[in-house]
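Geometric and topological summary
For reference, the chains in residue letters:
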Amino acid sequence: MTRCPIYPKPLKNKASLLFIFFSKRRSWLDGLYERSYRMKMGQIKLPGLELFMVNQPELVKQVMVDEVDAFPKHRMLGDLLAPLLGESIFTTNGAQWRKQRDMLDVAFDNSQVERVFERMQEATTRMLTRLGEHPDGAVVDVDKEMTLVTADIIFRTIMSANLDTEEAMNVLEAFVRFQEASPKLALLRMFKVPDNWLLRFSDRKRRGDAKIIRASLERVIRPRYEVFMRGEASEHEDILASILRAKDPDSGQAFGFDEIVDQVAMLFLAGHETSASALTWTLYLLSISPDIQHAAAKEVTEVLGEERGSVPLAAVKRMGLVRRIFMESMRLYPPVGFLAREVSRDTDMRDKHLQAGASLVVAPWLLHRHEALWDAPHEFCPARFDPKSGGRSIPKNAYLPFGMGQRVCIGATFAMQEAVLILSELLRRFSFELAPGFQPDPVGRLTIRSDNGMHLVLKKRLPETETTA
Ligand code: HEM
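Tallying secondary structure elements over the protein gives 17 helices and eleven strands in all. Computed over the C-alpha atoms, the radius of gyration of the protein is 22 Å, within 12% of the 23 Å expected from 2.2 N^0.38 for a compact globule of 469 residues. C-alpha atoms of the protein, sized along the principal axes, occupy 65 × 60 × 45 Å. Going through the 469 residues of the protein one by one, you find that 41% of them count as buried.

Dropping the structure here:
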């Protein structure tokens, strides 16, 4: 029996500005009201900005695909993340973004992602060892574990480093602090809170964390950059090696040192927090859906057959149900809950006039749960993604966990490969139940996370059950 997955109960009516300010300091999900899950377009006026919410598939396509130049990435996002990411692909626009995307695409094409599969296996094995140290039936905060394993994967695949060193753990902790502080600062800016010592103090701390992270990345990247500049062969075949080799197709120029640090910092930020969020919510959904969990464990056993070593890439590609479970999990809990854009020229949409300079948001969280678009929108139903249903249950332009159009996630193939590997390895060895009395608390920050972690009971699967489940 599957229970209905938790989501913040919407308010009856639109909230006041004061409520938005205080509740959204915790999570923007708390400011949503019942009509948010049915509306086609919304509007909200804050002291620091005018914000439009686009929630109709045709309008989403207009913003993300058809008139993408009229809706560039929001400037506030770039300003906010600049201390850490400099001018990275995540926040740039126009010709600068196009050049960066052309150069980075090569590092994330299918064959490159397959090439780093072994590194993903290594980090997954480390995670299994950590989990294996808990006694059978122990309560484990899988949110922490998913953060660790995805960060480890990013360290290993991008620059052949790992999380075993104290420095790597310091970097990870600084990342977590930076991510927590940034949305709070954004909100204060949206409400035009006057400059004060508290604001300056929290921004200084955030910038300090960005410096720690960049200094540490520079220590790894500098020697690799110098080896490359001397024309010597690298001993590593990782994503950094592809970035070093990348050339602008027009000018033939490679990335400079600072540009590489910007892109690598961005890959850390974009690449582990999102995957950790998606995996944590997937484990939650499995823990409240014993039938689906059982079917998924059975699939893993059948696909693996006699294989006793790490799950191989060929098996990952055959885990159809595990993949569908992950996709449905990203429908209910899209790691990137909203995509922020700016209106660059006056535009009319439905009955509204959007002036250049206004802000616009496309929210996968709302689109994925839109009551007029989806059957049973708040329920967990991986069968929606079954190819046998002919994709009929997935409304067009309404499912975008990886974004859409030219700014679609560059790491989508990477993330799918990593997630199916981790889930298959976990399902093979453990069963999951929600810890007694525990309820997760979904909050929307840079990603959708559970504010109180994710406490699950992990029971080791017996070899007999592995073969008979
Ligand atoms: C489940 C995991 C992931 C999810 C749900 C996700 C989601 C997204 C979304 C929604 C966007 C578009 C943002 C926008 O349009 O405003 C995006 C962009 C991006 N993602 Fe991911 N992402 C994931 C994993 C990764 C990984 C593993 C990497 C790299 C290692 C990565 C790198 C990027 C980059 C570089 C962009 C910017 C692309 C551009 O603007 O051209 N992501 N991601």
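That covers the picture; the talk isn't over yet.
Before going further, it helps to examine the sheet that holds strand β1 (residues 41-46). Pairing is mixed in the open sheet, where four strands are placed in the order β1-β2-β7-β4. Each edge of the sheet is formed by a strand with only one pairing partner; in this case those strands are β1 and β4 (339-342). The sheet shows a mean angle of 25 degrees between the axes of neighbouring strands, direction not considered. Of the pairings in the sheet, the one linking β1 to strand β2 (residues 49-54) comprises six bridges and is antiparallel in character.

Here three strands make up an open sheet; going across it, the order is β3-β11-β8 and the pairing antiparallel. The sheet is open, and its two edges are formed by β3 (138-141) and β8 (430-434), each paired on a single side. Across this sheet, the average inter-strand angle for adjacent strands is 40 degrees, counted without regard to direction. As judged from the five bridges shared by β8 and strand β11 (residues 455-460), these two strands associate in the antiparallel manner. From the neighbouring strand, Phe430 faces β11, where its bridge partner is Lys460. Those strands touched by helix α11 (residues 257-287) are β8 and β11, and its axis lies near 80 degrees from that of β8.

This paragraph deals with the packing of helix α12 (residues 290-304) against helix α16 (residues 412-429). Packing of α12 against α16 leaves a shortest axis separation of 9 Å and a crossing angle of 100 degrees. The angle between α12 and α16 places the two elements in the roughly perpendicular class. In this structure, α12 uses Ala296, Ala297, Val300 and Leu304 to contact α16, whose residues at the interface are Ser424, Leu427 and Arg428. Looking at the contact of α12 with α16, its residues break down into five nonpolar, one polar and one charged.

Here we take up the nonpolar core. Leu240, Ile243, Val264, Ala265, Ala296 and Val322 are the most contacted members of the largest nonpolar core, which totals 112 residues. Top contributing element to this core by residue count: α11, with 17 residues. Ignoring any residue separated from it by four or fewer positions in sequence, one finds Val264 in contact with Ile158, Met159, Leu217, Ile221 and Leu240.

To continue, consider the site of the ligand. Around the ligand, a shell composed of 23 residues is seen, among which Gly271, Thr274, Gly403, Cys409 and Gly411 lie nearest. Listed by contribution, the elements that provide at least two residues to the shell around the ligand are α11 and α16. Looking at the shell around the ligand, its residues break down into 16 nonpolar, five polar and two charged.

Positive phi outside glycine occurs at Ala376, with the angle close to 40 degrees. By the secondary structure assignment, Ala376 is in the loop between α15 (364-367) and α16. In this structure Ala376 comes out as exposed when scored by C-beta crowding, with 11 C-beta atoms within 10 Å.

Let us now look at helix α6 (residues 117-132). Under the 1.5 Å per step criterion, the end-to-end length of α6 is 22 Å for 16 residues, consistent within 8% with the ideal 22 Å. Taken together, the buried positions of α6 are occupied by Arg119, Met120, Gln121, Ala123 and Thr124. Turning to α6, the residues buried within the fold contact α7 (142-159) and α16.

Take the pairing of strand β7 (residues 359-362) next. Burial along β7 is two-sided: the face carrying Ser359 and Val361 and the face carrying Leu360 and Val362 are both buried. Inspection of the sheet shows β4 paired to β7 by four bridges, in the antiparallel sense. By the bridge assignment for β7, Glu342 is matched with Ser359.

Bringing the packing of α12 against helix α14 (residues 320-332) into the picture now. Between α12 and α14, the least distance of the axes is 8 Å, while the angle of their chain directions is 140 degrees. As judged from the angle between their axes, α12 and α14 are oblique. Contacts from Ile292, Ala295, Ala296, Glu299 and Val300 of α12 reach α14 at Leu321, Val322 and Ile325.

Among the secondary structure elements, Arg341 is positioned in strand β4. Taking the number of C-beta atoms within 10 Å as the measure of exposure, Arg341 has 23 and is therefore buried. Sequence-distant contacts of Arg341, that is, excluding residues within four places in its chain, are made with Val63, Phe71, Pro72, Lys73, His74 and Leu360.

Its twelve residues place the ends of helix α4 (residues 94-105) 16 Å apart at the C-alpha level, agreeing with the 16 Å of an ideal helix rising 1.5 Å per residue. For α4, the set of buried residues is Gln100, Met103 and Leu104. Considered in projection along α4, the buried side chains sweep an arc of 95 degrees and stay on one side of the axis. Pointing more than 90 degrees away from the buried face of α4 are the exposed residues Gly94 and Ala95.

Basis of the calculations
Residues numbered from 1 in each chain as written. Predicted model: local features only at pLDDT ≥ 70, side-chain atom pairs only at ≥ 80, totals over all residues. Helix = DSSP H or I, 4+ residues; strand = E, 2+ residues; numbered from the N terminus. Rg over C-alpha atoms; globule rule 2.2 N^0.38 Å. Buried ≥ 20, exposed ≤ 12 C-beta atoms within 10 Å, placed from the backbone. Pairing = 2+ DSSP bridges. Axes fitted to C-alpha atoms, helices over the stretch in contact; angles between N-to-C directions. Contact = placed C-beta atoms within 7 Å. Parallel < 35°, antiparallel > 145°, perpendicular 65-115°, else oblique. Nonpolar A, V, L, I, M, F, W, Y, C, P; charged D, E, K, R; others polar. Core = buried A, V, L, I, M, F, W, Y, C linked by C-beta atoms within 7 Å. Near = placed C-beta within 6 Å. Expected span 1.5 Å × (residues − 1). Arc of directions from axis to C-beta.

Such coordinate-based values are descriptive only and should not be taken to indicate function.
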